[in-house]
Amino acid sequence: MSAPLILVLNGPNLNLLGTREPHIYGTDTLEDVRLATSRAADQLGCALDFRQSNHEGVLIDWVQDARGTAAGIIINAGAYTHTSIALLDALKAVDLPVIEVHLSNIFHREPFRHTSYPGRAAIGVIAGFGGQSYVLAVAALANLIKTAA
Ligand code: CA2
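This section reports on the structure supplied with the text. What you are looking at is a predicted structure, and each value in this text was computed from that prediction instead of being measured.

**Things to note about unusual backbone geometry**
The general pattern is negative phi for most residues beyond glycine and trans for most peptide bonds.
Then, number 1: Not every positive phi belongs to a glycine, and Asn-13 is a case in point at roughly 75°.
Then, number 2: Looking at the element boundaries, Asn-13 is found in the loop between strand 1 (5–10) and helix 1 (22–25).
Then, number 3: Judged by its relative accessible area of 49%, Asn-13 falls in the partly exposed class.
Then, number 4: Located in the positive-phi region is Asp-95, a residue other than glycine, with phi close to 60°.
Then, number 5: Here Asp-95 is to be found in the loop between helix 4 (85–94) and strand 4 (98–102).
Then, number 6: Since its relative accessible area comes to 65%, Asp-95 is described here as exposed.

**What about the layout of surface pockets?**
Then, number 1: Its boundaries defined by the atoms lining it, the largest pocket holds a volume of some 440 Å³.
Then, number 2: Considered class by class, the residues forming the lining of the largest pocket number 8 nonpolar, 9 polar and 4 charged.

**Overview of helix 3 (residues 56–65)**
Then, number 1: Among the residues of helix 3, Leu-59, Ile-60, Trp-62 and Val-63 are the ones counted as buried. One face of helix 3 carries all of its buried residues, which in axial projection span an arc of 160°.
Then, number 2: Where helix 3 is buried, its residues touch strand 1, strand 2 (47–52), strand 3 (72–76) and helix 4.

About the cut-offs
Residues numbered from 1 in each chain as written. Predicted model: local features only at pLDDT ≥ 70, side-chain atom pairs only at ≥ 80, totals over all residues. Heavy atoms only, no water. Helix = DSSP H or I, 4+ residues; strand = E, 2+ residues; numbered from the N terminus. Buried < 20%, exposed > 50% of the residue type's maximum accessible area, 1.4 Å probe, protein only. 1 Å grid on protein atoms, 1.4 Å probe; cavity = no way out; pocket = protein on both sides within 12 Å on 5 of 7 lines; lining within 4 Å. Points joined across faces, edges and corners; volume = space filled by probe spheres on them. Nonpolar A, V, L, I, M, F, W, Y, C, P; charged D, E, K, R; others polar. Arc of directions from axis to C-beta. Contact = heavy atoms within 4.5 Å.

Structural data, given as structure tokens:
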């Protein structure tokens, strides 16, 4: 049997990780985060598809396409977290386990970051651990996927 596939989606500006605002987001690049997340998935017997887009519609297309291919989704929607009802609708429609992640603890930050639309479709939210948030999310999702199998 093939390894269950975890789809990791990253939203706008996360491609800039490690280049600016290290006091908020740390010094790891998105490629560093991908590598750490990929290693964690590998150790847990899961395959990983790690993507980033600056475009809301592309993220929505990827969520829709996950039906029938992925076993679960980890999403850091970037600033779309706080605005995108369309992304929330897509995550609810895809009928897969979703975990929301954030590098920063959004609840320590400006009030407009305290609202999360993807969070309403997520089983759980992991925020504030930098790149480690993704590793923790892979462990949680792998456990959910194995329990459901
Ligand atoms: O903490 C997170 O993971 C966020 O999703 C990051 C988003 C922010 O809008 C959310 O409120 C919380 C921002 C991603 C932009 O990342 C950058 C990293 C370095 C330099 C510039 C942007």
